[in-house]
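# Structural features, examined
Below, each chain spelled out in residue letters.
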Amino acid sequence: MHLFFSVGEPSGDQHTAHLIHEIRNRRPDARFSAFGGPEMQAAGCELEVRLTDYAVMGIFNVLPLIFKFIQLLKQAGQFLETQRPDAVILVDFPGFNWWIAKKAKSLGIPVFYYLPPQLWAWAPWRIRRVRKNIDYVLSGLQFEKQWYESRGVKVDYTGHPFFDEVASRSLDQGVLDELSQSGEKIVGILPGSRTSEVNYNFPMMLRIIRQLSQQFPNSVFPVACYKEAHRELCKKWIEQQAATDLPIKLYLKKSSEVIESAQCCLMVSGSISLELLARKTPAVVIYRSHWGMYVMANLLITCKYMSLPNLIANRELMPEFPSVGSPEKDIAKINTILSDWLCTPLSLERARNRLISLYQETVIPGASAQAAESILRNVETEPQQKAAA
């Protein structure tokens, strides 16, 4: 059995690596190839292109790469034509993956979408593309399954793999010990997994850190950098803003340790919000952008919240601040919330208890295993259906 994956996001790379392990446990003969990332490669996947290196969001960030994406799509099409995998499995990254789906469908290859695009959040008319080119959707969210199902799409609810990954992840005790001894108040800083997110959000985060460090002299602010380039970028911003005096330490690939150790976090909106839910760590969510992206988002977005825990709960458990233009008002509001959590234990406990309740109500175990079983079940029945036809 040969399965081809197209995965463009760093978080998708992580989830797909776990999925590959689960499929291999059930089908040791399976071959895996991909446009994907390093974690998939480490799991035994043949990496044709490191697609996660091109993870960007927003039309203005995509445009400079448009010719590269066209080249990659041609390369993917040639691979599918010559190799004819038994199934194509897409993970997030819809701008690119719609075209992969279309090509696979034209070749008669079954197409799965694992952790599909959040069409319920923005541009829902894209459901036409799903009906036309996607055979099976594997959803990580219960309300998302209902949304797709009500629109005539074949969908299995597998649960979200983030929760299993958090439960099984071994934490670096040395880093935990270091953080626990670093200060009385620990505010984790999560500046995003994309370079553009770090560039837009970290300068605003530094201004919030400066204000909080003045209010709470014994506070520390560990920054969880996704990759080395992001750590260097954060260093650059710290120097540019003359913030070398602030109690900041940059950690590489230690997001889990930072979240686990922190009383609360300041984070850029992203799927890591599910780890904050799993670890029951209260957070304030920001997402800073330029005016063009902000206007487009307001035109296209159809949901009330941008962070997944709030969407799951259908209420604001994590205060959200989409930010554009002058950040002064947002900085003041964020500072008020974080200050209240840091100086009022009861407020922080209430925020944590709301996350505990949501976790207990919604999380199901074994997401990667359920996704693997759904894929194998449907791939193995495809030849039978074609033969019957």
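Quick summary incoming for the structure in this document. (Residues numbered from 1 in each chain as written. Predicted model: local features only at pLDDT ≥ 70, side-chain atom pairs only at ≥ 80, totals over all residues. Heavy atoms only, no water.)

### Here's the deal with the overall build of the chain
Quick reminder of the rule: Secondary structure is summarised from DSSP: a helix means a run of H or I of at least four residues, a strand means a run of E of at least two, and numbering begins at the N terminus for each. In what follows, residue pairs with any heavy atoms lying within 4.5 Å of each other are defined as contacts. In this description, accessible areas are obtained by the Shrake-Rupley approach with a 1.4 Å probe, and a residue is regarded as covered only by the protein chains that are shown. His residues and chain termini do not enter the charge count, which takes Lys and Arg as positive and Asp and Glu as negative. Charge placement uses NZ in Lys and CZ in Arg. For Asp and Glu, CG and CD serve respectively.
The secondary structure content of the chain amounts to 18 helices and 13 strands. On the principal axes, the C-alpha backbone points of the chain span a range of 70 × 40 × 40 Å. Intrachain contacts of the chain at a sequence separation of at least 6 include 68% that bridge at least 24 residues. A total of about 16,900 Å² of accessible surface is found on the chain, and carbon and sulfur atoms cover 52% of it. In the chain, 43 positive and 39 negative side-chain charges are present, and the distance between their average locations comes to 7 Å.

### Considering the nonpolar core
Going by this rule: In this text, buried Ala, Val, Leu, Ile, Met, Phe, Trp, Tyr and Cys residues form a nonpolar core when linked through side-chain atoms within 4.5 Å. Burial here depends on accessible area, computed with a 1.4 Å probe over protein chains only, as a share of the maximum for the residue type. Under 20% is buried, over 50% is exposed, and the range in between is partly exposed.
Within the largest apolar cluster, 63 residues are counted, with the highest numbers of intra-cluster contacts made by V130, Y148, L190 and L276. Not counting residues up to four positions away in its chain, the partners in contact with L276 are L190, I259, C265, M267, T281, A283, M318 and L355. Counting 36 residues, the second-largest nonpolar core is a separate cluster that includes L246, L266, I334 and L342.

### Brief notes about the side chain of E9
Condition: Side-chain atoms alone can form a polar contact between residues adjacent in sequence; in general such a contact is a pair of N or O atoms within 3.5 Å, and within protein one must be able to donate a hydrogen while the other accepts it.
Assignment of secondary structure puts E9 in the loop between β1 (2-7) and α1 (10-26). A relative accessible area of 7% means that E9 is categorised as buried. Among the polar contacts made by the side chain of E9, one reaches the side chain of R194 at a distance of 2.9 Å.

### A short note on unusual backbone geometry
Of note in this structure, K253 is not a glycine but carries a positive phi near 55°. As for its position among the elements, K253 is in the loop between β10 (248-252) and α12 (255-261). Relative accessible area serves as the criterion here: at 56%, K253 is assigned to the exposed category. One non-glycine residue, N314, adopts positive backbone phi at about 60°. Note on placement: N314 falls in the loop between α15 (308-313) and β13 (320-323). Given a relative accessible area of 51%, N314 falls into the exposed group.

### A closer look at a nonpolar patch on the surface
As a reminder, the rule being used: Patch criteria: residues need more than 30% relative accessible area and no salt bridge. Like-charged residues are merged within 9 Å; nonpolar side chains of Val, Leu, Ile, Met, Phe, Trp and Tyr are merged within 5 Å. When a carboxyl oxygen of Asp or Glu is within 4 Å of a side-chain nitrogen of Lys or Arg, the pair counts as a salt bridge.
Judged by side-chain polarity, I66, F67 and I70 come together as a nonpolar surface patch covering roughly 310 Å² of accessible area. Following the sequence through the fold, I70 ends up in helix α4 (residues 66-83). Given a relative accessible area of 38%, I70 falls into the partly exposed group.

### Observations regarding helix α17 (residues 345-362)
Condition: Each helix should span, by expectation, one fewer than its residue count multiplied by 1.5 Å. Working definition: the arc comes from the directions between the helix axis and the C-beta atoms, pointing outward to the latter.
Here α17 is 18 residues long and its end C-alpha atoms lie 26 Å apart, about the 26 Å a rise of 1.5 Å per residue gives. Of all the residues in α17, the buried ones are S347, L348, A351, L355 and L358. Down the axis of α17, the smallest arc covering the buried residues is 105°, so these residues share one side. Away from the buried face of α17 by more than 90 degrees, exposed residues P345, L346, Q360 and E361 are located. Buried positions along α17 lie against β11 (264-268), α13 (273-278), α15 and α16 (328-343).

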